[in-house]
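# An overview of the molecular structure
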Amino acid sequence: MLSAQERAQITQVWDLIAGHEAQFGAELLLRLFTVYPSTKGYFPHLSACQDAAQLLSHGQRMLAAVGAAVQHMDNLRAALSPLADLHALVLRVDPANFPLLIQCFQVVLASHLQAEFTVEMQAAWDKFLTGVAVVLTEKYR
Amino acid sequence: MGQIPGCKPGLEPQAQALRPDIMVHFTAEEKAAITSLWGKMNVEEAGGEALGRLLVVYPWTQRFFDNFGNLSSPSAILGNPKVKAHGKKVLTSFGDAIKNMDNLKTTFAKLSELHCDKLHVDPENFRLLGNVLVIILATHFGKEFTPEVQAAWQKLVSAVAIALGHKYH
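Residues numbered from 1 in each chain as written. Chains lettered and ligands numbered in written order. Predicted model: local features only at pLDDT ≥ 70, side-chain atom pairs only at ≥ 80, totals over all residues. Heavy atoms only, no water.

Looking now at the UniProt feature "domain: Globin" (unreviewed entry) in chain A. Here, the residues flagged by UniProt with the feature "domain: Globin" (unreviewed entry) are residues 1-141 of chain A. A distance of 23 Å separates the end C-alpha atoms of residues 1-141 of chain A, which is 73% helix and 0% strand. (UniProt positions renumbered as here; feature names shortened; annotations may be inferred. Helix = DSSP H or I, 4+ residues; strand = E, 2+ residues; numbered from the N terminus.)

Here the focus is the side chain of D126 of chain A. Along the polypeptide, D126 of chain A turns up in helix 8 (residues 119-137). Despite its burial, D126 of chain A remains without a salt bridge, the nearest opposite charge being carried by R127 of chain B at 9.4 Å. (Buried < 20%, exposed > 50% of the residue type's maximum accessible area, 1.4 Å probe, protein only. Lys, Arg positive; Asp, Glu negative; His and termini not counted. Salt bridge = Lys/Arg side-chain N within 4 Å of Asp/Glu carboxyl O.)

As for its position among the elements, H115 of chain B is in helix 7 (residues 109-117). In this structure, the C-alpha to C-alpha distance between H115 of chain B and L164 of chain B, residues 49 residues apart in sequence, is 7.7 Å.

As a further point, take the UniProt feature "domain: Globin" (unreviewed entry) in chain B. UniProt feature "domain: Globin" (unreviewed entry): in the numbering of this structure it lies at residues 25-169 of chain B. Strand forms 0% of residues 25-169 of chain B and helix 70%; the C-alpha atoms that close the span are 25 Å apart.

The next thing to look at is helix 6 (residues 81-91) of chain A. Residue and element names in this part refer to chain A. Among all positions in helix 6, only A84, H87 and A88 are buried. One face of helix 6 carries all of its buried residues, which in axial projection span an arc of 90°. Across from the buried face of helix 6, at angles greater than 90 degrees, the exposed residues are P82, L89 and V90. Buried positions along helix 6 lie against helix 7 (98-113) and helix 8. At the C-terminal side of helix 6, R92 shows a positive phi close to 45°. (Arc of directions from axis to C-beta. Contact = heavy atoms within 4.5 Å.)

Right under this line is the structure:
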């Protein structure tokens, strides 16, 4: 459950990302593939050539989903149900990978916001993204 | 003895397991990325911040610090003198890792025993602290903390966590 302060932290940070989903998502994916090369196997179309346009396009898609999660923080299950189905039936990303993506997400935030990336923001986003990951993997079995 | 994938040629697997020096290998570029950032860090401040953020973001880690006094809020935690002092101690020890990147298991053997036998710290906590440290580096260094630099540091914190868990029994 997210407190009122946590929700405020989440929307405050999202307002900084909104409009830049593609660049944020592309950097996120680039960090993921560089730091955790085993994750590349889940993105065969992307990671072979790491074409900038493709990274931007897929990054945009991923961050748009995060944006949807932000809009529906109080009802993630309903809002993310189609994505949960996709992950359970088609993508089947091992749940151990979500913390890796979350770490890279935090690093993108931290490297751009720097001193403005407060501990409260870090705590709220870590909790929020972990909740999103739980919902996305909930239908796996 | 036939060659087994992953084994150092000429050494049987049992012998290799006893060799603490056969460890994670850091390339010259990785070492440079690590030492150059380390040289620019205020270890005392960063240590306090790393430990403080760990205790805030993952509040269950406070279980090891019941005698640290006021941990009631993020600002209380980050301002707590015992947190700062202990964070400094932890990160200073991390500096030993950086001087001995090719020999982490031996470097941390005693500390590993301490964390197991006396402190009873779940090694998962080393992983969490390492990740928090990487995030703090990102806040300090911004664009300079490129994916490649992040990769080198994640490799280091992961290797330190493994070394610290190595003597657990």
